[in-house]
Amino acid sequence: MTPAPERVRRGWVRPLRRLAVGVLAGLAAAAIWELYTLLGPDAGGHLFGASLLPRAEARSMPHVWDVVARMLAPESSATGAPSVAVAMLQACWFTLRVALAGWLAGVVAGFGLAIGMQRFRLAESAVFPWVVLSQTVPLIALAPLVVGWGGKIQVGDLVWERWMSVALIASYLAFFPVAVGALRGLQSPEQAHVELFRAQAASPWRTFRSLRLPASVPYVIPALRLAAATAVVGAIVAEVSTGTKGGIGRLIIAYAQAASGDPAKPWAAIVGAALLGLVAAGLVSLLSLGLGRYRHSEVS
Amino acid sequence: MRLTRRTSGCMAAVAVTAALALTGCSGSDAAEPAASGGSAAADELTPVTLQLQWFTQAQFAGYYAALDQGYYEEEGLAVEIVEGGVDIVPQTVLADGSVDFAIAWVPKALASREQGAGITDVAQIFARSGTLQVSLKEAGITTAADLQGKKVGNWGYGNEFELFAGITAAGLDPAADVTLVQQQFDMNALLSGEIDAAQAMTYNEYAQVLEAENPATGELYTAEDFNVIDWNDEGTAMLQDAIWANTDKLASDADYEATTVKFIKASLKGWIYARDNAEAARDAVVAAGAQLGNSHQLWQTNEVNKLIWPSVAGIGMIDEAAWAQTVDVAMNTKNDQGASVISAAPSDDAYTNEYVTQALDELLAEGVDVTGEGFEPIDVTLEAGGN
């Protein structure tokens, strides 16, 4: 028997529709942008001296098509200079890898902390406040410090590179949602289930593997996605802060210096950073595809 | 419950991606040290790191020229130039021992010294200040006194003291007689009229306004469209880019002292090269990965040359009068928060001409022109966006 045509269609129609909606949303954003440049005040909007609305003239808000055209033009007149789009994609690729390294480190650390806190009540009350407190330290204060330590670390043949400091800062942001989400997830099985395992004399490891870990999936997946987004933000901010060469954060600042004379250029880099966040979150969604059977109810 | 095949496949995929990402990162970095000028003979060379204040740009043309021309290697040094970032404070990085030398403005470095950073100015590269207050011609602001009642942009973070000293010297109260506006990286606020007079470096932001299109004419703005206040003329200029070294190491480490002389000598040679070959120096900077365009970098090289040359006492010599003026403004000027850069005069080891004198003597012995008395700036045509 052949599968019902309805089912086959649904298989590829749904992702296609989501893609179409995504593209439409992008177009709508571009249309709103253009509408504002048309109708917004050229001098910007001010209320009691505070700037409320952005300036709508072409130098502050270049047309969408100008930004696209700028992306395709060479970065500078230097011989062999890549186009802005190529430079942007290369920078995104660099930052994505650094963010991924930070995300992995953050996930491992966050999950490890969550397991520790779930297992030992004392650890939870001792560590959890510090986990929360860690996120109140401003990143711009932390970044130069981490780079400073980085210059002194040398373990065997491993030379501490600047990108590792950036990844470390990214992981510092990424571990938080994972630690919190995984802890809630690991604590989520109902008391009856936990007691059943205890009645069967299941070992703590067995309870963890067969009950708590599967139960934590609906909590962990959104946490991982959130961690991916924060890892990207952390990597970009750390790049800006430390001037790490090669990444999109650095590119944004470098292009921003040309903002008065070449207003479309910095926007090209900002678009790149936005795409990067989408790609990172998308990659984590791919990861969750394989865990579908545990995701009956997702909590964010 | 066992892991399903799909789940484990997924995890394997993650592991592989992660491994790729990590090796990819280290792979790309393996290519990086090429920029530091390492060579086959790197083993015999003394490794030296130099911390800049900002990204690769022609403000540091002399160091990149010295690297490109092999001047550092000739002195037996393998120099690695470390770029700055938004939150990197070069003098702090130097003081905590992460680098061997740093480029920093004198007032900012003096402030760090007062907070305990053990650093010494060993060569004053820029003899003049590059800070301007730029305004559109129609605003009619040509002296500090004209700033009265105007919206005056400044970057803050210690970049504002020449301006405040100038306003005070003109008999105005910076807190009451002008409206202070926090300025961004770009010059859009000036061009759109949000600021009447904006802070600008001759070699960077001033070029940015000349690279922007004038909506009235459809052409680029020209120097005739603007008035500038030059703090060198107003008498409140402060010393800027200087080479700083670690004070303790200078006192205790004879090898470091010898390295300092060699480093200064090769750096000065790089700056002399940049004076005589502005375009080649620009090319060295662009090749090192500057993201702003070619004409902008050439403009910057030329403007920076003007801050150095002609150098009466020889490039790098610290002029006592200019130092005293810097210290005076740093101690006695209050910003809008009522703070001054430093509260007491810096100790004697804040600067020394000992090493730069040795370096200059060696250069003179080689027949190099270290004063550039016949220096003439070149004409640079800026293109739209600095490209």
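Computed from a predicted model, the values in this text were never measured in an experiment. Think of each chain on its own: its residues are numbered from 1, step by step along the sequence as written. Key to labels: chains lettered from A, ligands numbered from 1, both in the order written. Only residues with pLDDT of 70 or above have their local features reported here, since the model is predicted, and side-chain atom pairs are shown and tallied only from 80 upward, although totals for entire chains, interfaces and linings are computed over all residues.

Peer 1: Teacher, can you tell me more about the sheet that holds strand S4 (residues 119-123) of chain B here?
Peer 2: Paired through backbone hydrogen bonds, the strands of a sheet run either parallel or antiparallel to each other. Residue and element names in this part refer to chain B. One requirement defines pairing of two strands: DSSP has to find at least two bridges between them. Where helices and strands are cited, they refer to DSSP runs of H or I of at least four residues and of E of at least two residues respectively, numbered from the N terminus. Pairing in this open sheet of five strands is mixed, and the strands run S2-S1-S3-S10-S4 from one edge to the other. Two strands lie at the open edges of the sheet, namely strand S2 (77-82) and S4, each paired on one side alone. The sheet shows a mean angle of 30° between the axes of neighbouring strands, taken without regard to direction. In this analysis an axis means a line fitted to C-alpha atoms, helices contributing only their contacting stretch, and an angle means the value between N-to-C directions, from 0 to 180 degrees.

Peer 1: I keep staring at the pairing of S2 of chain B and nothing clicks. Help me out?
Peer 2: When a strand is regular, its side chains alternate between the sheet's two faces. All names here are of chain B. By the criterion of burial, S2 is predominantly enclosed, with six of the six residues buried. Three exposure classes are used. Buried residues have 20 or more other C-beta atoms within 10 Å of their own C-beta, exposed residues have 12 or fewer, and partly exposed residues fall in between, all C-beta atoms being placed from the backbone. Residue alternation in S2 divides its side chains into two sets, Leu77, Val79 and Ile81 and Ala78, Glu80 and Val82, and both sets are buried. Two elements, strand S1 (residues 46-51) and S2, share six bridges in a ladder whose sense is parallel. Residue Pro47 lies in a different strand from S2, and its bridge partner there is Ala78.

Peer 1: I would appreciate a short explanation of the domain arrangement of chain A in the present structure.
Peer 2: The figure often quoted for interface size is the accessible area lost as the parts come together. When cut into domains, chain A gives domain 1 (5-61) and domain 2 (84-294). Note: domain ranges come from an automatic or database domain assignment. Just the C-alpha atoms count here: the centres of domain 1 of chain A and domain 2 of chain A sit 28 Å apart.

Peer 1: In this structure, what is going on with the packing of helix H9 (residues 248-256) of chain A against helix H10 (residues 264-289) of chain A? I would like to understand it.
Peer 2: Angle between the axes and distance between the axes are the two parameters that describe a pair of packed helices. All names here are of chain A. Axis separation between H9 and H10 bottoms out at 8 Å; the angle between their running directions is 160°. As far as their axial angle goes, H10 and H9 are roughly antiparallel. Seen along the crossing, H9 lies across H10 with a hand that is left-handed. Within the contact between the two elements, H9 uses Ile248, Leu251, Ile252, Tyr255 and Ala256 and H10 uses Lys265, Pro266, Ala269, Ile270, Gly272, Ala273 and Leu276. Considering only residue class, the contact of H9 with H10 consists of 10 nonpolar, one polar and one charged. These descriptions rest on fixed angle ranges, namely under 35 degrees for roughly parallel, over 145 for roughly antiparallel, 65 to 115 for roughly perpendicular, and the rest for oblique. The hand of a helix crossing depends on one turn: near helix anticlockwise from the far one by less than a right angle means left-handed, and clockwise means right-handed. Each residue gets a C-beta atom placed from its backbone, and two residues are in contact if those atoms lie within 7 Å. Each residue receives one of three labels: charged for Asp, Glu, Lys and Arg, nonpolar for Ala, Val, Leu, Ile, Met, Phe, Trp, Tyr, Cys and Pro, and polar for the others, Gly being one of them.

Peer 1: Honestly, the pairing of strand S7 (residues 179-182) of chain B in this entry has me stumped. Any pointers?
Peer 2: Residues and elements named next belong to chain B. By the bridge criterion, four bridges tie strand S6 (residues 151-154) to S7 in an arrangement that is parallel. By the bridge assignment for S7, Asn154 is matched with Gln182. Crossover S6 to S7 through helix H6 (residues 161-169) is right-handed. We call a crossover right-handed when, viewed with the strands running away from us, the connection from the first strand over the helix to the second turns clockwise.

Peer 1: What is the right way to look at helix H15 (residues 354-365) of chain B in this model?
Peer 2: Side chains three or four residues apart in an α-helix point the same way, a direct result of the helix having 3.6 residues per turn. All names here are of chain B. What a helix is expected to span follows from its residue count: subtract one and scale by 1.5 Å. Taking 1.5 Å as the rise per residue, H15 with 12 residues should run 16 Å; its terminal C-alpha atoms sit 17 Å apart, in good agreement. Along H15, the residues classified as buried are Tyr355, Val356, Ala359, Leu360 and Leu363. With its buried residues spanning 130° around the axis, H15 presents them on a single face. Structurally, H15 contributes buried residues whose contacts are with S4 and helix H11 (254-276). Directly after H15, the chain includes Gly367, whose backbone phi takes a positive value near 80°. This arc corresponds to the set of directions leading from the helix axis out to the C-beta atoms.

Peer 1: What is the right way to look at the domain arrangement of chain B in this model?
Peer 2: All names here are of chain B. Once the domains are mapped, chain B shows domain 1 (42-127 + 239-386) and domain 2 (131-234). Each of domain 1 and domain 2 has a C-alpha centre, and these two points are 26 Å apart. Taken together, the contact between domain 1 and domain 2 spans 20 residues of the former and 18 residues of the latter. For the side of domain 1 that touches domain 2, the elements supplying multiple residues, two or more each, are helix H5 (106-114), helix H13 (294-308) and helix H14 (320-332). In terms of residue class, the side of domain 1 that touches domain 2 is made up of nine nonpolar, seven polar and four charged.

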